[in-house]
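Single-letter residue listing:
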Amino acid sequence: PLAHTHTEAEHLLRRARGEGWTTIILVAIPVHQLRALMDTVGVMIRENLDRTIRVWNAVGTPQPWTDEVVHSQGVLRARRFELVKPELERIVRYWAKGNMPTARQVLDYLNWRDGLS
């Protein structure tokens, strides 16, 4: 099957559960950070792992924002800064479909992760 952010999160968390991981650091390009974290948190909530694994996000090696890149299974070709709007639009679409956790759910998770709740 086609690999995408959601299926990658499912596979990552399946392995984390199987191996007893308690911490994960997601590394993604800056424009993809928010959706990668949100999608992972959504899978964690669905799988009841949101109070057992702490997930942190980290940016990989910085790259020039004006370079042209291919993103989203080769569907988008644009300069990095031009990918911000489509990423946010994708998050809104996924919220509308119920495929993405709400901002409140993500904040609740982050508060738990950081020991604030």
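Residues numbered from 1 in each chain as written. Predicted model: local features only at pLDDT ≥ 70, side-chain atom pairs only at ≥ 80, totals over all residues. Heavy atoms only, no water.

**Regarding the packing of aromatic side chains**
Aromatic ring pairs are defined here through the distance separating the ring centres and the angle between the ring planes.
Then, number 1: Scanning all chains against the criterion turns up one aromatic pair.
Then, number 2: Centroid distance Tyr109 to Trp112: 5.8 Å. Interplanar angle 40 degrees. Geometry classified as tilted. Within this pair, Tyr109 and its partner Trp112 are both found in helix α4 (residues 103-113), separated by three residues, close to a single helical turn.
Then, number 3: Against the face of Trp112 rests Arg54, its NZ or CZ located 4.2 Å from the ring centre.
Then, number 4: The aromatic ring of Trp56 is capped on one face by Arg113, whose charged end is 3.7 Å from the ring centroid. (Phe/Tyr/Trp six-rings, centres within 6.5 Å; stacked < 30°, edge-to-face > 60°. Helix = DSSP H or I, 4+ residues; strand = E, 2+ residues; numbered from the N terminus. Lys NZ or Arg CZ within 6 Å of the ring centre and 35° of its normal.)

**Some remarks on the nonpolar core**
Then, number 1: In this structure, Leu13, Ile24, Leu37, Met44, Ile53, Val55 and Tyr109 are the most contacted members of the largest nonpolar core, which totals 19 residues.
Then, number 2: Of all the secondary structure elements, the ones that give two or more residues to this core are α1 (5-19), β1 (23-28), α2 (33-46) and α4.
Then, number 3: Ranked by residue count, the leading element in this core is α2, at five residues.
Then, number 4: In this structure, Leu37 is in contact with Leu26, Val55, Asn57 and Leu110, ignoring residues within four places of it in sequence. (Core = buried A, V, L, I, M, F, W, Y, C linked by side-chain atoms within 4.5 Å. Buried < 20%, exposed > 50% of the residue type's maximum accessible area, 1.4 Å probe, protein only. Contact = heavy atoms within 4.5 Å.)

**Focus: the pattern of salt bridges**
Then, number 1: The tally for this structure, following the rule as stated, stands at 13 salt bridges.
Then, number 2: In this structure, Arg104 and Asp108 form a salt bridge, with 3.0 Å as the shortest nitrogen-oxygen distance. Highlighted residues: Arg104 and Asp108, both in helix α4, separated by four residues, approximately one helical turn.
Then, number 3: Its relative accessible area of 49% is what places Arg104 among the partly exposed residues.
Then, number 4: In this structure Asp108 comes out as partly exposed when scored by relative accessible area, which is 31%.
Then, number 5: A salt bridge links Arg113 to Asp114, with the nearest nitrogen and oxygen atoms 2.8 Å apart.
Then, number 6: Using a relative accessible area of 11% as the deciding quantity, one classes Arg113 as buried. (Salt bridge = Lys/Arg side-chain N within 4 Å of Asp/Glu carboxyl O.)

**Re the pairing of strand β3 (residues 68-71)**
Then, number 1: Side chains of β3 alternate between two faces, with Val69 and His71 buried and Glu68 and Val70 left unburied.
Then, number 2: Pairing of β3 with strand β4 (residues 76-79), which is carried by four bridges, proceeds in the antiparallel orientation. Within the sheet, the bridge partner assigned to Val69 lies in β4 and is Ala78. (Pairing = 2+ DSSP bridges.)

**Examining the environment of Trp21**
Then, number 1: Positionally, Trp21 belongs in the loop between α1 and β1.
Then, number 2: For Trp21, a relative accessible area of 30% gives the class partly exposed.
Then, number 3: Apart from the residues within four sequence positions on either side, Trp21 is in contact with Leu12, Arg15, Ala16 and Ile53.
Then, number 4: A distance of 3.3 Å separates a polar atom in the side chain of Trp21 from a polar atom in the side chain of Glu19. (Polar contact = N/O pair within 3.5 Å; in protein donor to acceptor, adjacent residues only side chain to side chain.)

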